[in-house]
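Fold and geometry: a report
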Amino acid sequence: MATLELHGRALRRFGDLVHSVGADQWHAPTPCTEWDVRQLVDHLVVEQLWVPAMVAGRTVQEIGDEFEGDLLGDDPVAAWDRASAAAGAALAEPGALRRTVHLSYGDRSAEYYCAEMTADLVVHSWDLARAIGADEKLDPELVDFTYELIAPQVDALAHTGLFAPPVEVPPDADEQTRLLALSGRRP
C-alpha cells in the first residue's frame, strides 16, 4: 500500500481521537509518562508543522526553534486540524515523496520521512486512545507497516530515548501487542 495513503489514514485516526478529547481530559496522563494528553497532542502538532518545512528542503538548523513551546493555544483541536492539513498537503504535492529531506540524523527520502511520521502517528494514536478511554484497536495495515519499519531499528531507537526499551510479550501475542511492546509500551 502506498506510504502516502497510509500516512493519510494515520493522520485521520489521530485526528479523530483529538476531536474526541473531552474538555476535562487535556491534562489526563498518557502512556508516555512525561506527557499528559495536551503535551502529547502538542508533540504531534509540532511534528506535523515540521513536515512542510522539511519537504520544502529546509534543514533542522534553518528551522531552529520555530516550532518550540506550546503550539496548541486556546484551541488544541483547531491547532491539530491546521497542522495535519498542512502536513498532508505538503506530502501530497506532486513529486514531494521523491525529494530529499535533511533530518537531524542525515538526509533521507521524503517517502522515508513520511513513513516515519506514519509510524509516530500510529503509536501515539494508541497512547491517546488509552489516555482518553477510546477504542485502542489500531488499523491492522498500519500496525504491520509500522512494525516492519521499526523492528529492524528497535535497538537504535531505544538508545535514542525516543522509545522505552522493548517489553516482553507472550509468543502468541497479536501484531498490535507486539508493535506496542516493541515501542516500550505495556498494552
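For the structure, check the block above.
A short tour of the structure in this document, coming up. (Residues numbered from 1 in each chain as written. Predicted model: local features only at pLDDT ≥ 70, side-chain atom pairs only at ≥ 80, totals over all residues. Heavy atoms only, no water.)

1. Quick notes on the overall build of the protein
Scanning the protein from N- to C-terminus turns up 8 helices and 2 strands. For the protein, the α and β elements follow one another from N to C terminus as α-α-α-α-β-β-α-α-α-α. For 187 residues, the compact-globule formula gives about 16 Å, and the C-alpha radius of gyration of the protein, at 16 Å, lands near that figure. For the C-alpha atoms alone, the extent of the protein along its principal axes is close to 45 × 40 × 30 Å. Counting only residues that meet the buried cut, the protein has 48% of its 187 residues in that class. Within the protein, contacts between residues at least 6 apart in sequence are counted, and of these 66% link residues at least 24 apart. A total accessible area of about 9300 Å² is found for the protein, and carbon and sulfur atoms account for 51% of it. Across the protein, the 14 positively charged side chains and the 32 negatively charged ones have centroids separated by 3 Å. (Helix = DSSP H or I, 4+ residues; strand = E, 2+ residues; numbered from the N terminus. Rg over C-alpha atoms; globule rule 2.2 N^0.38 Å. Buried < 20%, exposed > 50% of the residue type's maximum accessible area, 1.4 Å probe, protein only. Contact = heavy atoms within 4.5 Å. Areas by Shrake-Rupley, 256 points an atom, 1.4 Å probe, with all protein chains shown as cover. Lys, Arg positive; Asp, Glu negative; His and termini not counted. Charge placed at Lys NZ, Arg CZ, Asp CG, Glu CD.)

2. A look at the environment of R130
Residue position: R130 is located in helix α5 (residues 110-132). Exposure remark for R130: the relative accessible area of 32% places this residue in the partly exposed category. Along the primary structure R130 and V21 are separated by 109 residues, whereas in three dimensions their C-alpha atoms are 11 Å apart. Those residues in contact with R130 that lie beyond four places of it in its chain are P31, E136, R186 and P187.

3. Side note on α5
The terminal C-alpha atoms of α5, which comprises 23 residues, lie 32 Å apart, in line with the 33 Å expected from a rise of 1.5 Å per residue. Taken across its 23 residues, α5 has 19 buried, putting it largely inside the fold. Positive phi appears at G133, one or two residues downstream of α5, with a value of about 75°. (Expected span 1.5 Å × (residues − 1).)

4. So, the packing of helix α1 (residues 3-20) against helix α4 (residues 76-92)
Two packed helices can be described by the angle between their axes and the distance between those axes. The contact between α1 and α4 brings their axes to 10 Å, and the two run at 175°. By the angle class used here, α1 and α4 are roughly antiparallel. Here L4, H7, L11, F14, G15, V18 and H19 of α1 lie close against α4, whose contacting residues are V77, W80, D81, S84, G88, L91 and A92. Looking at the contact of α1 with α4 residue by residue, the class counts come to 8 nonpolar, 5 polar and 1 charged. (Axes fitted to C-alpha atoms, helices over the stretch in contact; angles between N-to-C directions. Parallel < 35°, antiparallel > 145°, perpendicular 65-115°, else oblique. Nonpolar A, V, L, I, M, F, W, Y, C, P; charged D, E, K, R; others polar.)

5. Thoughts on the packing of helix α2 (residues 37-55) against α5
α5 packs onto α2 with a crossing angle of 165° between their chain directions and a minimal axis gap of 10 Å. Overall, the two elements α2 and α5 adopt an arrangement that is roughly antiparallel. Crossing of α2 against α5: the hand is left-handed. Counted together, V37, L40, V41, H43, L44, E47, Q48, W50, V51 and M54 of α2 and Y113, M117, D120, L121, H124, D127, L128, A131 and I132 of α5 form the full contact between these two elements. Considered class by class, the residues forming the contact of α2 with α5 number 13 nonpolar, 3 polar and 3 charged. (Left-handed = near helix turned anticlockwise from the far one by under 90°.)

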